[in-house]
Amino acid sequence: MAKRTFSTLETLLIFLLVMMTAITVALLSLLFITSGTIENHKGKYSGFPVTDSPQATQSSTTPQGSTVTQGPTTTTTTTRVSPVTTTPEPPLFQNFSGYHIGVGRADCTGQVADINMMGYGKSGQNARGLLTRLYSRAFVLAEPDGSHRMAFVSIDIGMVSQRMRLEVLNRLKSKYGSLYRRDNVILSGTHTHSAPAGYFQYTVFVIASEGFSNRTFDYMVTGIVKSIEIAHRNMKPGKVFINKGNVDGAQLNRSPSSYLQNPQSERARYSSNTDKEMVVLKMVDLNGDDLGLISWFAIHPVSMNNSNHLVNSDNMGYAAYLFEQEKNKGHLPGQGPFVAAFASSNLGDVSSNIRGPRCINTGESCDNANSTCPIGGSTTCVAMGPGQDMLDSTQIIGRILYQGAKVLYASASQEVTGPVASAHQWVNMTNVTVSLNSTHTVKTCKPALGYSFAAGTIDGAGSFNFSQGTTVADPFWENIRDQILGRPSDEIKECHKPKPVLVHTGELSKPHPWHPDIVDVQIITLGSLAIIAIPGELTTMSGRRLREAIKAEFATYGMQNMTIVLSGLCNVYTHYVTTYEEYQVQRYEAASTIYGPHTLSAYIQLFRVLAKAIATDTVANLSSGPEPPFFKDLIIPLIPNIVDRAPLGKNFGDVLQPLNPKYRVGEVAEITFVGANPKNSAENRTHQTFLTVEKYEDTSGTWQAVHNDASWETRFYWHKGLMGHSNATIQWHIPDTAHPGIYRIRYFGHNRKQDFLKPPVILAFESTSSAFEVVTT
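On a predicted model such as this, the values are computed, not experimentally measured, just so you know. (Residues numbered from 1 in each chain as written. Predicted model: local features only at pLDDT ≥ 70, side-chain atom pairs only at ≥ 80, totals over all residues. Heavy atoms only, no water.)

Peer 1: So what about the pairing of strand 6 (residues 149–155)? Which residues, and what values?
Peer 2: In terms of burial, strand 6 is a largely internal element, seven of the seven residues being buried. Both faces of strand 6 are covered, namely the face carrying Arg-149, Ala-151, Val-153 and Ile-155 and the face carrying Met-150, Phe-152 and Ser-154. Two elements, strand 5 (residues 135–142) and strand 6, share seven bridges in a ladder whose sense is antiparallel. What sits directly across from Arg-137, in strand 6, is Ser-154. Where strand 5 hands over to strand 6, the hairpin turn is made up of six residues, of which Gly-146 adopts a positive phi near 75°. Across five bridges, the pairing between strand 6 and strand 7 (residues 185–189) is parallel. If you follow Phe-152 over to strand 7, its bridge partner there is Ile-186. (Buried < 20%, exposed > 50% of the residue type's maximum accessible area, 1.4 Å probe, protein only. Helix = DSSP H or I, 4+ residues; strand = E, 2+ residues; numbered from the N terminus. Pairing = 2+ DSSP bridges.)

Below you can see the structure in the form of structure tokens.
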């Protein structure tokens, strides 16, 4: 092989990378050693810092055309240990056919500034505002006598972390005793790449998050638990119907060359290299009134690309937004009784950027085995969505999903009946022996990431000279790795072949293990429906094999014609799962299959055990497995908390750039205020929105909110300045449906203040614009 040479620029960049990496490792180590209790969870299941929120009001000088009010909130923290105080179960009406059904939705947005976004792994992609709120959507279903129940929760986040799941289960146990448990609660992430990071405990993800944020972790956990509590309170007798159908025009297989490695005889059984089938559950009460919907579909929510800095729920969230707005007429987004969840499935190799990969500098296709361009390599090979920009693409794909689900929901007539059952085990995925046949066994591996992991995908490329499809190690990068992280063992390198190991995460344990060893496997059945909780991202063919194997296992033990739904990004995140054949060519998904080439076979074996236990009513005989860890003293965020400051002579909320006196529909109303860091609002939750758009009603003489910050017509931008100064810009993209009349925009925020030798306090403030007119012509 020819000796690789680097240009002067490449050499300089590599030198800078090495120096930055060394400095980062040193800083991270120092931060870990000195972190103490700042922002960290203190001990296993020990509770969280609780913010006291006295709401006294302060007056302040206000500019012409605006109103600003403030109120203090101290950030004195106490440690709360939740005792087990079981909430009494309300009496359930039992004389009916169907299920007790409860639905609930709660905000789980977390901080929308000074935190990295989770998904693309791009340094510098910090949140700088909000496009839409993130929600946890919970569905509780119980048998008529209440003896068995399940909870399925779909959450607008990148993925569920193990730490998050453990804390949610702990809080549920404190309130409900044994009613909601590890076996009958599934937490599933939608996999939006535009949600905050910072809620993980394993070092790879902590580094990608640029620290652990207890502020965001607690906000998300609280939202998830609250959604379950709402669903629990709202339970009523009802019926569940299921429907299935293909949805076209929303997907693209982003690793088609990997898919082609699967046997031709297997591929011939399917008409597409993606799963186009959408599965919809329709929930109604006994009067036929709508309660909720769960839709499962295989698609990556990556319409919003890695240049985005606004927190949002991407295309899956937009589909949920449209469905809920239709069913909850007269309610603001995020409000109303109907709950619609668009949940993830086997989306590992499925992109929503359906125009496919092209070289951004030449426009030519780069749909090749390495996803590279003649100029720029893999970094210039990017897949594009169908719209004019990423916001347009998000809405186009989201609307396709919404319309598909709407048709299936309206025509759903097959009732789901039968008992509720569940099975769960914790498994050490680093050492699973898999029986391939009667004479041959193989094993899974300690976690490791391959070279192609660093290349990224056509939805978001990596850096430097990495490319997908790399099966040979590079001595240059090996030397850098060995100097910084140490040399991987021969055992881990041999186990992962043909993956060339870039980072041997399974052999790294400082400051904490870099990847999980203990993984959840879980199945919940609702009559003839089986929901399989996948702790990662299955590729299309991996999902097909797993579904087929589980269905056959159920049938073997008497449960015929089961519908198998794969729910992705559940309970703990373990990256990807490819087929053995796809693994051989080592594109991104294979390089990210962290437990080695036999990962899928191991999962098939493990889930078959659960399916058999449910079918034979022997779940009680299953071992729980090794309990996962819950680490203390995680690395704190690299971005510190600082005091907010207003310009001299100004107050927080003062208008810097006013609105025009008149706008037409289709135009953008924009106003800029003296702002404060929005992350404060994740700590002091006095205000539930950063903004409202309000219309004056002549008949009542009152202002009525017509939009909030969960509306897709609004944008909240935060502009960070120096020394605690910042501005907040609010946009209202006035829709054609807006009624003519008089409007105003309100801004809600919280500023951090600290007097000398005193603890910091967070002050709530709000501001109101001058009135403006909207006309249709």
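Peer 1: Hey, could you go over the sheet that holds strand 3 (residues 113–118) for me, with residue numbers and the actual values?
Peer 2: An order of 8-3-4-35-36-32-30 is seen for the seven strands of this open sheet, with the pairing classed as antiparallel. With one partner strand each, in any of the chains shown, strand 8 (195–196) and strand 30 (655–657) form the two edges of the open sheet. Sheet topology places strand 4 (residues 126–130) next to strand 35 (residues 714–720); two bridges connect them, and they run antiparallel. Residue pairing in the sheet places Leu-130 in a bridge with Phe-716 of strand 35.

Peer 1: Lay out the pairing of strand 25 (residues 518–526) with the relevant residues and their values.
Peer 2: In terms of residue burial, strand 25 counts as a mostly covered element, since nine of its nine residues are buried. Along strand 25, one buried face is formed by Ile-518, Asp-520, Gln-522, Ile-524 and Leu-526 and the opposite face, lined by Val-519, Val-521, Ile-523 and Thr-525, is buried too. Taken together, the nine bridges between strand 18 (residues 420–428) and strand 25 define a ladder with antiparallel strand orientation. For Asn-428, the partnering residue across the bridge sits in strand 25 and is Ile-518. The pairing of strand 25 with strand 26 (residues 529–533) spans five bridges and is classified as antiparallel.

Peer 1: Pulling in residues and values, what's your account of the confidence of the model for the protein chain?
Peer 2: The predicted model of the protein chain averages 90 in pLDDT, with 88% of residues at 70 or higher. Predicted confidence is poor over residues 8–13, with pLDDT under 50, and the contacts of this stretch with residues over four places away or in other chains come to three contacts. Predicted confidence is poor over residues 69–82, with pLDDT under 50, and the contacts of this stretch with residues over four places away or in other chains come to 56 contacts. (pLDDT = per-residue confidence, 0-100. Contact = heavy atoms within 4.5 Å.)

Peer 1: So, the environment of Met-429: which residues are in play, and what are the values?
Peer 2: Within the secondary structure, Met-429 sits in the loop between strand 18 and strand 19 (433–435). Between the C-alpha atom of Met-429 and that of Pro-516, which follows or precedes it by 87 residues, the distance is 8.5 Å.

Peer 1: Which residues make up helix 12 (residues 540–556), and what are the values?
Peer 2: The end-to-end C-alpha separation of helix 12 is 25 Å, in line with the 24 Å expected for 17 residues at 1.5 Å each. Burial in helix 12 covers these residues: Thr-540, Met-541, Ser-542, Gly-543, Arg-544, Arg-545, Leu-546, Ala-549, Ile-550, Glu-553 and Phe-554. (Expected span 1.5 Å × (residues − 1).)

Peer 1: Give a description of the pattern of salt bridges that names residues and reports values.
Peer 2: As enumerated under the stated definition, the model contains 34 salt bridges in all. In this structure, Glu-589 and Arg-254 form a salt bridge, with 2.9 Å as the shortest nitrogen-oxygen distance. With a gap of 335 residues between them, Glu-589 in helix 14 (residues 588–591) and Arg-254 in the loop between strand 10 (252–253) and helix 5 (256–259) connect regions that are remote in the sequence. Across the pair Arg-545 and Glu-581 runs a salt bridge whose closest N-O atoms are separated by 3.1 Å. Linking Arg-545 in helix 12 with Glu-581 in helix 13 (residues 580–583), this pair joins segments that are 36 residues apart in sequence. Take Glu-581: its relative accessible area is 22%, and that puts it in the partly exposed class. Overlapping salt bridges bring together Arg-105, Arg-137, Asp-156 and Glu-324 as one network. (Salt bridge = Lys/Arg side-chain N within 4 Å of Asp/Glu carboxyl O.)

Peer 1: Describe in detail the nonpolar core, supporting the description with residues and values.
Peer 2: The biggest cluster of nonpolar side chains holds 82 residues, and the ones touching the most others in it are Met-164, Val-168, Trp-732, Ile-745 and Phe-772. A total of seven residues in this core trace back to one element, the largest contributor, which is helix 4 (residues 214–233). Not counting the four nearest positions on each side in its chain, Met-164 is found in contact with Ile-157, Tyr-199, Phe-217, Met-220, Val-221 and Ile-224. Listed in part, the 36 residues of the second largest apolar core include Leu-538, Ile-564, Leu-600 and Ala-615. (Core = buried A, V, L, I, M, F, W, Y, C linked by side-chain atoms within 4.5 Å.)

Peer 1: Summarise the packing of aromatic side chains; cite the residues concerned and give the values.
Peer 2: Aromatic ring pairs: the centre-centre distance and the angle between the two ring planes describe each pair. Using the criterion set out here, one finds 32 aromatic pairs in the structure. Centroid distance Phe-673 to Tyr-747: 5.1 Å. Interplanar angle 35°. Geometry classified as tilted. A residue pair is termed long-range when its members are at least 10 positions apart, and Phe-673 in strand 32 (residues 668–674) and Tyr-747 in strand 37 (residues 741–753) qualify at 74 residues. Pair check on accessibility: Phe-673 and Tyr-747 agree, each one buried. Taken together, the ring pairs connect Phe-652, Phe-673, Phe-690, Phe-716, Tyr-747 and Phe-765 into an aromatic cluster. Of note, Arg-163 hangs over the ring of Phe-212, and the distance from its end group to the ring centre comes to 5.0 Å. (Phe/Tyr/Trp six-rings, centres within 6.5 Å; stacked < 30°, edge-to-face > 60°. Lys NZ or Arg CZ within 6 Å of the ring centre and 35° of its normal.)

Peer 1: Could you give an account of the sheet that holds strand 26, with specific residues and numbers?
Peer 2: In a beta sheet, neighbouring strands pair by backbone hydrogen bonds and run either parallel or antiparallel. Within the open sheet, the four strands sit side by side as 18-25-26-28. Their pairing is mixed. Both outer strands of the open sheet, strand 18 and strand 28 (563–567), are each paired with one neighbouring strand and no more. With direction set aside, neighbouring strand axes in the sheet form an average angle of 15°. The strands touched by helix 12 are strand 25, strand 26 and strand 28; relative to strand 28, the strand with the most contacts, the crossing angle is about 140°. (Axes fitted to C-alpha atoms, helices over the stretch in contact; angles between N-to-C directions.)

Peer 1: Any chance you could break down the state of the cysteines for me, citing the residues and the numbers?
Peer 2: When the sulfur atoms of two cysteines share a covalent bond, that bond is a disulfide. Counted according to the given criterion, the structure contains three disulfides. What pairs with Cys-445 in a disulfide is Cys-495, and their sulfur atoms sit 2.0 Å apart. Across the S-S bond linking Cys-445 and Cys-495, the dihedral sits near -90°, which makes this disulfide left-handed. Residue Cys-445 is located in the loop between strand 20 (441–443) and strand 21 (449–450), and its partner Cys-495 is located in helix 11 (residues 490–495); the two are separated by 50 residues in the primary sequence. Residue class for Cys-495 comes out partly exposed when judged on its relative accessible area of 25%. Across the protein chain, the disulfide pattern expressed with sequentially numbered bonded cysteines is 1-3, 2-4, 5-6. (Disulfide = S-S within 2.5 Å.)

Peer 1: Can you tell me about the side chain of Gln-162, naming the residues and giving the values?
Peer 2: Within the secondary structure, Gln-162 sits in helix 2 (residues 162–176). You can call Gln-162 buried: its relative accessible area is 4%. Once residues lying within four places of it in the same chain are set aside, the contact partners of Gln-162 are Gln-201, Tyr-202, Ile-518, Asp-520, Asn-571, Val-572, Pro-628 and Pro-629.

Peer 1: Residue-level account of unusual backbone geometry, with values.
Peer 2: Going from Lys-497 to Pro-498, the amide bond is cis rather than trans, its omega being 10°. Assignment of secondary structure puts Pro-498 in the loop between helix 11 and strand 24 (501–503). Going from Lys-510 to Pro-511, the amide bond is cis rather than trans, its omega being -5°. Looking at where Pro-511 falls in the secondary structure, it is placed in the loop between strand 24 and strand 25. Unlike most non-glycine residues, Ser-371 shows phi in positive territory, near 50°. Within the secondary structure layout, Ser-371 lies in the loop between strand 15 (356–359) and strand 16 (381–384).

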